[in-house]
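# Commentary on secondary and tertiary structure
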Number of protein chains: 2
Amino acid sequence: MMMISSVLVIMCIALCAGAEQYTYHTKYLDMPVDHFSFATNHTFKLRYLVNDTFFQEHTGSPIFFYTGNEGDIEMFAQNTGFMFDAAPEFGALLVFAEHRYYGKTLPFGNKSYDLNNVGYLTSQQALADFVVLIRHLQQNQDRPSPVIAFGGSYGGMLSAYLRMKYPNVVIGAIAASAPIFQFTGLIPCEAFNRIATSDYRSASPACASSIRKSWAHLNNMSSTDAGRKWLNENWKLCKPLNKSSDINELKDWLQNVYTSLAMIDYPYPTNFLCQCMPPTRSQNIKYEVMCQQLYNSSMTDKVLLKSLFKAVNVYFNYTGSANCLDIESSATQNLGDLGWSYQSCTEMVMPMCTDGVNDMFEPSVWDFAKFSEECYDTWKLSQILIAPSSCMEGRTYPLLPTLSSAMDFWTRGQVVEFCPVSPPPHMQLSYQKGLTTWTCVGRILTTQCLSKRQDFFHKNRIRAWIRNFHLLPPTTN
Amino acid sequence: MMMISSVLVIMCIALCAGAEQYTYHTKYLDMPVDHFSFATNHTFKLRYLVNDTFFQEHTGSPIFFYTGNEGDIEMFAQNTGFMFDAAPEFGALLVFAEHRYYGKTLPFGNKSYDLNNVGYLTSQQALADFVVLIRHLQQNQDRPSPVIAFGGSYGGMLSAYLRMKYPNVVIGAIAASAPIFQFTGLIPCEAFNRIATSDYRSASPACASSIRKSWAHLNNMSSTDAGRKWLNENWKLCKPLNKSSDINELKDWLQNVYTSLAMIDYPYPTNFLCQCMPPTRSQNIKYEVMCQQLYNSSMTDKVLLKSLFKAVNVYFNYTGSANCLDIESSATQNLGDLGWSYQSCTEMVMPMCTDGVNDMFEPSVWDFAKFSEECYDTWKLSQILIAPSSCMEGRTYPLLPTLSSAMDFWTRGQVVEFCPVSPPPHMQLSYQKGLTTWTCVGRILTTQCLSKRQDFFHKNRIRAWIRNFHLLPPTTN
């Protein structure tokens, strides 16, 4: 999940410029920084990308609208193949809107993350940006263009929210791996890490169990001078461990590696999010490459730790060009990283925990008080606001057509649709399964990922939405 | 419509304290002033009224939630009989929430309307207040309490919006005379005044035509010293007309009187909004009392103007206690009045116009530029923000269950429901008709106003919503 490991993700984006494939024009639109009050007049320029190659103007052809994530919008435009692939058939205008406070869309320039400016970084404001942009795109069309939202991960949550909150603006949403239930009280906090573990376990049971054992070895090793010396040398740490508590940073980095790997498990070669590891050719090859170092679950401590280092080396240093393991490079204070840090302290508080029994991670409880304190230290947010927004509750959302169009379809290859007859537990299940299959979301809805049946299903949905829109045209004065 | 003539409405509220009938406790809840950004930590106390006489705690009994209008919430609590009448049958908790910036809910105390504080007066923020309050009310119930929103006029718009924007919070809404389509491009700007005219015409065709003629007489009279002297004396104006342009203020006042009278045309005695005129016993008696002075459409100028004065005297000085006609008293700068002035310059820009042919008013076009300039003079709002919010478009809203529960039911005695099969023109019609029948909204959904069939219909709807809610309970962790 990008939301968990934005640190890693952003690092990879910075390091690995991908070969560009899809083309578009870059445009900007003036946007008020606050859509919900009149307390400030400040405006900024929102970046968006447009491809009108296939658009049939004035015919009521649709707009395919990507709701940008927590990062540079170009990366998402390059990895949303389904939109490009489907555009000719629908005569669609392709639009990729950047999320405020990311990429080149910085409402207060390089002062955007100053404490007195960052407060307008919220999903609600971003959704309103999208609405204003959509209205701008729709004007001057002789026949109104219906809009379908697309997104994956946080961007998928935004697509789903856009359909839920502005059904008058968006006629449908295809939201892939959008964890709209990953909030307090909606699913167990263990869910995410259990599913990540099951991915490793399915590649090799020994792999998951070796990783589980490694935490104790790392703790023991780092508790003595000799052990730290051994680790500094054998793990080639750029910044050596000097005291036992220094191990925590390394363990956090490892946890991020494992979950990131689970998330970018694509069944085809891609450089989405990271090209630092070998392009995978089959769904499990990435695990196999990594897990082949961890085939034996009864290795002793140093043997295990050496093997583990070789395993993660595959991830961070596949080309062999790094002289040392720089876990700090992942914590670069670039804006994308900062942005998600802020959002995950405000609206997007997603409780996560591990028990070390049903998952392969070191046990850790979800401690909201501590989390909240850390958020306060970083962002000086008053405690009262550090909570998931009450306007975006997923689970208690009624099962309206809104949700039925916002779904995580890539659930172990099965299309699972949220629809009015599905009870909440079913929705939860489809979400949980969705997590393991973020696999395809790198190239969100890339046709390559879709079986013929799925491709047919989604295009059919879009066709039905458009037909319904034109049957009930909005009347103007 | 309260939104048109808030000046008058507020005057009447100030002058006419009604006899209280329904009881409740007054409570307050801390509320952030901004629900959509983290740019300010300011909070305030939101007032709400509670009656728990009939509430069956922990049984999943509903909360009937009144979404407060642009005025003191107590007035609306005293005039929403249906909620009190239906509460025993449903075991409902009754809650009346005050709208921010009105009544006793002033986010910045007596500085709330300072230009640097007033910007948080928006319907979107008010809706979020309601959501936070509802979540507060629902906690500690062993079985979740579903919420049904009620409201009339602007409060009805809020009920409808609450259901549309937060279907996860409100299971249904009964919105009476809620002009959610009274925005640019949604209905013709003449609609409102034509319907008001038709009310007068149906009481007596001569009445409407006398009023139509009076504008020219007023203009002629005020254009000369002698004419102004005559008007000052015969109309007993507290503030005499000194120049010809002074007539405009008087004409505005008259227009407000006519439309207000059309709006508070209840088929039963009431002191809602104003007790300055005699309680009406039948639907048309108010017009009759007024229009009996205007029975002859061929009166000459002075005769007509004298008759007109007697007619409006019925409205503003029924008890005979006023020594002079003080049209300025209506423009008292009380907060409710100020609030609507602000809202109608920001989100609630409702285009109105007259042609003097199909209506009885002096012709006037809808001049957005002029309107916008006046708003700027008063509120120093940047032009860019003076427009109806793009998040609250009524007409283009898809015909979802959301809208089907938000309806203006009192349309010439007929229940007209917005439902997925109704085309937009139908919705428009039901709205237009609704305007003439604001009649009953004074005591919004007062059982007295409802035919047996209507009473049955609404209770059945509520029952179905509740049943559906309990069939699909929100699952918690």
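The name an unreviewed UniProt entry gives chain A is Lysosomal Pro-X carboxypeptidase, with Diploptera punctata as the organism. Quoted verbatim from the Catalytic activity (unreviewed entry) field of UniProt, the annotation for chain A is "Cleavage of a -Pro-|-Xaa bond to release a C-terminal amino acid." Taken from UniProt, the Function (unreviewed entry) comment for chain A reads in full: "Cleaves C-terminal amino acids linked to proline in peptides such as angiotensin II, III and des-Arg9-bradykinin. This cleavage occurs at acidic pH, but enzymatic activity is retained with some substrates at neutral pH."

## A short note on the pairing of strand S3 (residues 63-67) of chain A
All names here are of chain A. Counting buried positions along S3 yields 5 of 5 residues, so the element is predominantly enclosed. The two faces of S3 match: Ile63, Phe65 and Thr67 on one face and Phe64 and Tyr66 on the other face are all buried. Of the pairings in the sheet, the one linking S3 to strand S4 (residues 93-97) comprises 5 bridges and is parallel in character. Across the sheet, phenylalanine 65 pairs through a bridge with valine 95, a residue of S4. In terms of strand pairing, S3 meets strand S5 (residues 147-152) through 4 bridges, oriented parallel. Among the inter-strand pairings, tyrosine 66 is bridged to a residue of S5, identified as phenylalanine 150.

## Examining the sheet that holds strand S6 (residues 172-176) of chain A
All names here are of chain A. What the 6 strands build is an open sheet, ordered S1-S2-S4-S3-S5-S6; its pairing is mixed. The sheet is open, and its two borders are formed by strand S1 (25-32) and S6, each paired with just one other strand. Strand-to-strand twist across the sheet, computed as the mean angle between neighbouring axes with direction ignored, equals 25 degrees.

## Brief notes about the sheet that holds strand S6 (residues 172-176) of chain B
All names here are of chain B. Strand order in the open sheet made by the 6 strands is S1-S2-S4-S3-S5-S6, with mixed pairing throughout. Strand pairing shows two members of the sheet lacking a second neighbour, strand S1 (25-32) and S6, which therefore form its edges. Going from strand to strand, the sheet's axes swing by 25 degrees on average, the running direction of each strand aside.

## Some words on the pairing of strand S2 (residues 43-51) of chain A
Residues and elements named next belong to chain A. In terms of residue burial, S2 counts as a mostly covered element, since 7 of its 9 residues are buried. Bridge count for S1 against S2 is 8 bridges, and the pairing is antiparallel. Within the sheet, the bridge partner assigned to histidine 25 lies in S2 and is valine 50.

## Considerations on the state of the cysteines
Residues and elements named next belong to chain A. Tallied over the full model, the rule gives 8 disulfides over all chains. Disulfide pairing is shown between cysteine 207 and cysteine 291; the S-S distance is 2.0 Å. Judged by the torsion about the S-S bond (-65 degrees), the cysteine 207/cysteine 291 disulfide is left-handed. In this pair, cysteine 207 sits in helix H7 (residues 205-222) while cysteine 291 sits in helix H10 (residues 285-291), placing the two residues 84 residues apart along the sequence.

Each value, and the rule that gives it
Residues numbered from 1 in each chain as written. Chains lettered and ligands numbered in written order. Predicted model: local features only at pLDDT ≥ 70, side-chain atom pairs only at ≥ 80, totals over all residues. Heavy atoms only, no water. UniProt positions renumbered as here; feature names shortened; annotations may be inferred. Buried < 20%, exposed > 50% of the residue type's maximum accessible area, 1.4 Å probe, protein only. Helix = DSSP H or I, 4+ residues; strand = E, 2+ residues; numbered from the N terminus. Pairing = 2+ DSSP bridges. Axes fitted to C-alpha atoms, helices over the stretch in contact; angles between N-to-C directions. Disulfide = S-S within 2.5 Å.

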